[in-house]
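Commentary on secondary and tertiary structure
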Amino acid sequence: MTTRRSFLKTSAVLSAGLLAAPSLFAYDKKLIGLQLYTVRDAMAKDPVAALAKVAKIGYTSVEGATYTGNELFYGMNAKGFASVLKQEGLIMPSAHYRLGEEQVNGASQLGTILNDWKRAVDDAAALGLKYMVCAYLSQAERGNLDHYKKVADMLTVAGQTCKTAGIQLCYHNHDFEFIQEDGKYPYETLLNETDADLVKMEMDLYWMTKAGQDPIAFFNKYPGRFPLFHMKDMDKTPEKKFTEVGNGVVDFKKILAQSKKAGMKYFFVEQDVCPGDPFDSITQSISYIKKNLV
């Protein structure tokens, strides 16, 4: 028979358990990030002023667009750029890099996975990055599934260099990784052929949606492999254009509800093309996120 004392004791235990239960979300909801490619023109013109504007809008973290060994971090060394971020109350846990298998204007790109990678990793460590992301494979860097296996090997080697510096390597998808060959996706080849500890994924939700893929299916099959998300929406037109977060068809709430299974730690708003001033677009996106997602 349940006595008042045992009822109260049971209720207290249940209440404590609920209080101690982990949050539905795996990430810090105070950290709303922006991929700086969205405001690339402003960053190229005056990075200090652009970052001040990003912070004023309400973003608390940023992700760097493609680094090269020649340009460093928007023309600044690691120490100088870190100082600017701190001044604006921003953190930068992640930045984008290139594979560097192709040559540009007859010369190898520096600060890429295949060219001067150690220097790039050292600079990233000096800035305090937690993640370095292979941003994109050019047409010349793609191929058949056997080629993607070679790319996977390159990423695993690069990931080991990152790990030595306390950094996690990730790979950022587009939609070309979902062009099937023999019923298999290159994206799955990259997931299966890389070391799961050394290479994780930054999932771009726009490109996943455009490719007709279900992000949650990948979380279920590869749990913990997706520490970074790109919060990028796809509009409802036949052209499937980029649009502000909340304006399109991506079900962010449903996807974020599975963030723990994904292993997600940070997300970054990105809009490759904006209809007007990019700062207006990122203001609209963060307003939707604050009202509906965090």
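The structure we're discussing is the one just above.
Summary of the structure given here. Sequence order as written defines the numbering, with residues in each chain counted from 1. Only residues with pLDDT of at least 70 are given local features in this predicted model, and only at 80 or more are side-chain atom pairs given and counted; all residues enter the totals for whole chains, interfaces and linings. As a convention, hydrogens and water are excluded, and side-chain values are obtained from all of the structure's heavy atoms.

Sheets are built from strands paired through backbone hydrogen bonds, the pairs being either parallel or antiparallel. Ordered in space as S1-S2-S3-S6-S7-S8-S9-S12, the eight strands form a closed barrel in which the pairing is parallel. Sheet twist, expressed as the average angle between the axes of neighbouring strands with direction ignored, equals 30°. Criterion used throughout: strands pair if DSSP finds at least two bridges between them. Working definition: helices are DSSP H or I runs of at least four residues, strands are E runs of at least two. Numbering for both runs from the N terminus. Examined bridge by bridge, strand S6 (residues 131-134) and strand S7 (residues 168-172) share four bridges and lie parallel to one another. Paired with Cys134 across the strands is Tyr171, a residue of S7. Lying on the sheet, helix H6 (residues 145-164) is in contact with S6, S7 and strand S8 (199-204); it crosses S7 at an angle near 145°. Only C-alpha atoms enter the line fits that serve as axes; for helices the fit covers just the stretch in contact. Angles between N-to-C directions range over 0 to 180 degrees. Contact between two residues is taken to exist if any of their heavy atoms lie within 4.5 Å; hydrogens are not considered.

Further remarks concern the environment of Asp214. Counting through the fold element by element, Asp214 comes out in the loop between helix H8 (205-210) and helix H9 (215-221). Within polar-contact distance, the side chain of Asp214 engages the backbone nitrogen of Ile216 at 3.1 Å. A 3.5 Å cut-off defines polar contacts: any pair of N or O atoms within that distance qualifies, except that in protein one atom must be a possible hydrogen donor and the other a possible acceptor, and neighbouring residues in sequence count only when both atoms are side-chain atoms.

Turning to helix H7 (residues 186-193), a few remarks are in order. Taken across its eight residues, H7 has six buried, putting it largely inside the fold. Burial status follows relative accessibility: with a 1.4 Å probe on protein chains alone, a residue under 20% of its type maximum counts as buried, one over 50% as exposed, and anything between as partly exposed. Every buried residue of H7 is accounted for by Pro186, Tyr187, Glu188, Thr189, Leu190 and Leu191. Buried positions along H7 lie against H6, S7, S8 and H9.

Before going further, it helps to spend a moment on the packing of helix H5 (residues 117-127) against H6. Direction vectors running N to C along H5 and H6 enclose 35°, while the axes themselves pass 10 Å from each other. You can see that H5 and H6 cross each other, and the crossing is right-handed. Facing Trp117, Lys118 and Val121 of H5, the residues of H6 in contact are Ala158, Thr161 and Cys162. Lys, Arg, Asp and Glu make up the charged group, whereas Ala, Val, Leu, Ile, Met, Phe, Trp, Tyr, Cys and Pro make up the nonpolar group; the residues left over, Gly among them, are polar. Here the residues of the contact of H5 with H6 sort into four nonpolar, one polar and one charged. Handedness of each helix crossing follows the sense of rotation of the near helix against the far helix: counterclockwise by less than a right angle gives left-handed, clockwise gives right-handed.

A separate point is the nonpolar core. Membership of the largest hydrophobic core comes to 77 residues, with the highest contact counts inside it found for Tyr97, Trp117, Met132, Phe226 and Phe229. Residues in contact with Trp117, not counting those within four places in the same chain, are Tyr97, Gly111, Thr112, Met132, Ala158, Thr161, Cys162 and Leu169. Nonpolar cores were defined as sets of buried Ala, Val, Leu, Ile, Met, Phe, Trp, Tyr and Cys residues, with membership established by side-chain atoms within 4.5 Å. Counting residues in each nonpolar core, the second largest holds seven residues, with Tyr131, Val133, Leu228 and Phe268 among its members.

So yeah, pure geometry; function would need other evidence.
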